[in-house]
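Residue-level structural notes
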Amino acid sequence: MTPPARPPKYHRILLKLSGEALMGGEDYGIDPEVLQRLAKEILELSRAGVQVGVVIGGGNIFRGAGLAAAGMDRVTGDHMGMLATVMNALAMQDALEKLGGFVRVMSALKINEVCEDYIRRRAIRHLEKGRIVIFAAGTGNPFFTTDSAAALRAVEVGAELLLKATKVDGVYDADPKKNKSARRFEHVSYEEVIQRDLKVMDTAAIALCRDYGLPMRIYDITRPGDLMRIVRGDNIGTLVDNRTTA
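Residues numbered from 1 in each chain as written. Predicted model: local features only at pLDDT ≥ 70, side-chain atom pairs only at ≥ 80, totals over all residues. Heavy atoms only, no water.

**Observations regarding helix α4 (residues 120-128)**
Using the following cut-off: Categorising residues by exposure relies on relative accessible area from a 1.4 Å probe, with only protein chains included: less than 20% of the type maximum marks a residue as buried, more than 50% marks it as exposed, and the intermediate range marks it as partly exposed. A run of DSSP states H or I qualifies as a helix once it reaches four residues; a run of E qualifies as a strand once it reaches two. Both are numbered from the N-terminal end. In this description, the arc belongs to the directions extending from the helix axis to the C-beta atoms. Should any heavy atoms of two residues lie within 4.5 Å, those residues are considered in contact.
Residues of α4 that are buried: Ala 123, Ile 124, His 126 and Leu 127. Angular distribution of buried residues about the axis of α4 spans 155°; they occupy a single face of the element. At its buried positions, α4 is contacted by β1 (12-17), β2 (51-56), β3 (103-107), β4 (116-117), β5 (132-136) and α5 (146-157). A positive backbone phi angle near 85° is found at Gly 130, which sits one or two residues after α4.

Shown next as structure tokens:
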């Protein structure tokens, strides 16, 4: 007899996906197979009763900071990057709805023809009704990354956990691709992340999570099923919070 599935540990979470995660093995854009797999995992959470918010980056389409370094006006570049996140959010909405999910895209930039404006109370109401909410266009301001947007939205909507999906299985004391002896942390404090410059997220996002006591878990997005296992309480990847390590 198959044992019953464990109930979720978290009631409301926010998932941060990089735009690069949507590329899969491609050099640019969106890999439909990767999009479909991620949509299935997100929808599985929603159907298990978890309220899910999602922030998606735009690096698979456009990076404002990169072009700014090459001479483009930084504000213009960042606005273009925000629009790239809207494109990714609409793609994820479409994938989720094709699987039967109920989804709302809310943009920090006014773009009413394709999605809703971000309004905090409305976003919380969508979550309470079981809709998956995808937060697009970052914070709506230049010079802030989608990492900062993820931390901000997570705090605003009262998420219990911020999940950052990467292509690495946690936080290391060095780049594991360059240093085979790099050590992975199972748990690290926000203060240590800042002091050791561990490159988990940008410092503004880390400081916001620290100040509001929001735990974060970094995990490998390429491993199917880990998202649900984390939400059920499994110790996967690296937990970052305000507790000091022993």
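**Points about the packing of helix α1 (residues 32-47) against helix α3 (residues 74-98)**
The condition that has to hold: Helix axes use the C-alpha atoms of the stretch in contact, all axes being lines fitted to C-alpha atoms, and the angles between their N-to-C directions lie in the range 0 to 180 degrees. Here the word oblique covers every angle except those under 35 degrees (roughly parallel), over 145 (roughly antiparallel) and from 65 to 115 (roughly perpendicular). When the near helix sits turned anticlockwise from the far one by under a right angle, the crossing is termed left-handed; a clockwise turn instead gives a right-handed crossing. Amino acids outside the nonpolar list (Ala, Val, Leu, Ile, Met, Phe, Trp, Tyr, Cys, Pro) and the charged list (Asp, Glu, Lys, Arg) are all regarded as polar, and Gly is one of them.
Two elements in contact, α1 and α3, have axes separated by 9 Å at closest approach and are oriented at 65°. Taken together, the axes of α1 and α3 are roughly perpendicular relative to one another. Handedness of the α1/α3 crossing: right-handed. Residue-level contacts link Leu 35, Leu 38, Ala 39, Ile 42 and Leu 43 of α1 to Ala 91, Met 92, Ala 95 and Leu 96 of α3. The residue makeup of the contact of α1 with α3, split by class, is nine nonpolar, no polar and no charged.

**With respect to the pattern of salt bridges**
How we decide: Any Lys or Arg side-chain nitrogen located within 4 Å of an Asp or Glu carboxyl oxygen qualifies as a salt bridge.
Counted under the stated rule, the structure contains 18 salt bridges. Between Asp 78 and Arg 74 there is a salt bridge, with its nearest N and O atoms 2.9 Å apart. Separated by four residues within a single helix, Asp 78 and Arg 74 lie in helix α3, roughly one turn from each other. According to the relative accessible area criterion, Arg 74 is partly exposed, its value standing at 31%. Here Asp 94 and Lys 98 are joined by a salt bridge, their closest N and O atoms 2.8 Å apart. Taken as a pair, Asp 94 and Lys 98 lie in helix α3 at a separation of four residues, close to a single helical turn. Of the residues examined, Asp 94 reaches a relative accessible area of 39% and is grouped as partly exposed. Several salt bridges converge on common partners, so that one network encompasses Lys 16, Asp 147 and Lys 164.

**A short note on the sheet that holds β1**
Selection rule: One requirement defines pairing of two strands: DSSP has to find at least two bridges between them.
As summarised here, the arrangement of the nine strands in space is β4-β3-β5-β2-β1-β6-β10-β11-β9, forming an open sheet in which the pairing is mixed. Among the strands making up the open sheet, the edge pair consists of β4 and β9 (187-189). Taken together, the three bridges between strand β10 (residues 216-220) and strand β11 (residues 238-241) define a ladder with antiparallel strand orientation. Paired with Ile 218 across the bridge in β11 is Thr 238.

**Brief notes about the packing of aromatic side chains**
The geometry of an aromatic ring pair is captured by the separation of the ring centres together with the interplanar angle, meaning the angle of the planes. Put simply, the test is: Only Phe, Tyr and Trp rings take part, Trp by its six-membered ring, and two of them pair if their centres are within 6.5 Å. Stacked means planes under 30 degrees apart, edge-to-face means over 60, and tilted covers everything else. When the NZ atom of lysine or the CZ atom of arginine is within 6 Å of a ring's centre and also within 35 degrees of its normal, the charge is said to sit over that ring.
Counted by the stated rule, this structure contains one aromatic pair. Centre to centre, the rings of Tyr 118 and Phe 135 are 5.7 Å apart; their planes meet at 80°, and the pair counts as edge-to-face. One end of the pair, Tyr 118, is in the loop between β4 and α4; the other, Phe 135, is in strand β5, with 17 residues separating them in the sequence. Here Phe 135 falls in the buried class, since its relative accessible area comes to 3%. Sitting over the face of the ring of Tyr 118, Arg 153 holds its NZ or CZ atom 3.7 Å from the ring centroid.

**Quick word on the side chain of Gln 51**
One can find Gln 51 in strand β2. Residue classification places Gln 51 among the buried positions, given a relative accessible area of 9%.

**Some remarks on unusual backbone geometry**
Unusually for a residue other than glycine, Asp 197 sits at a positive phi of about 50°. Structurally, the position occupied by Asp 197 is in the loop between α6 (190-195) and α7 (203-211).

**Side note on the environment of Tyr 190**
Its location among the elements puts Tyr 190 in helix α6. The exposure class of Tyr 190 is buried, given its relative accessible area of 0%. Once the C-alpha coordinates of Tyr 190 and Leu 239 are considered, the two residues, 49 residues apart in sequence, prove to be 9.8 Å apart. Other than its neighbours up to four places away in sequence, Tyr 190 contacts Ile 206, Cys 209, Arg 210, Leu 214, Pro 215, Met 216, Val 240, Asp 241 and Asn 242.

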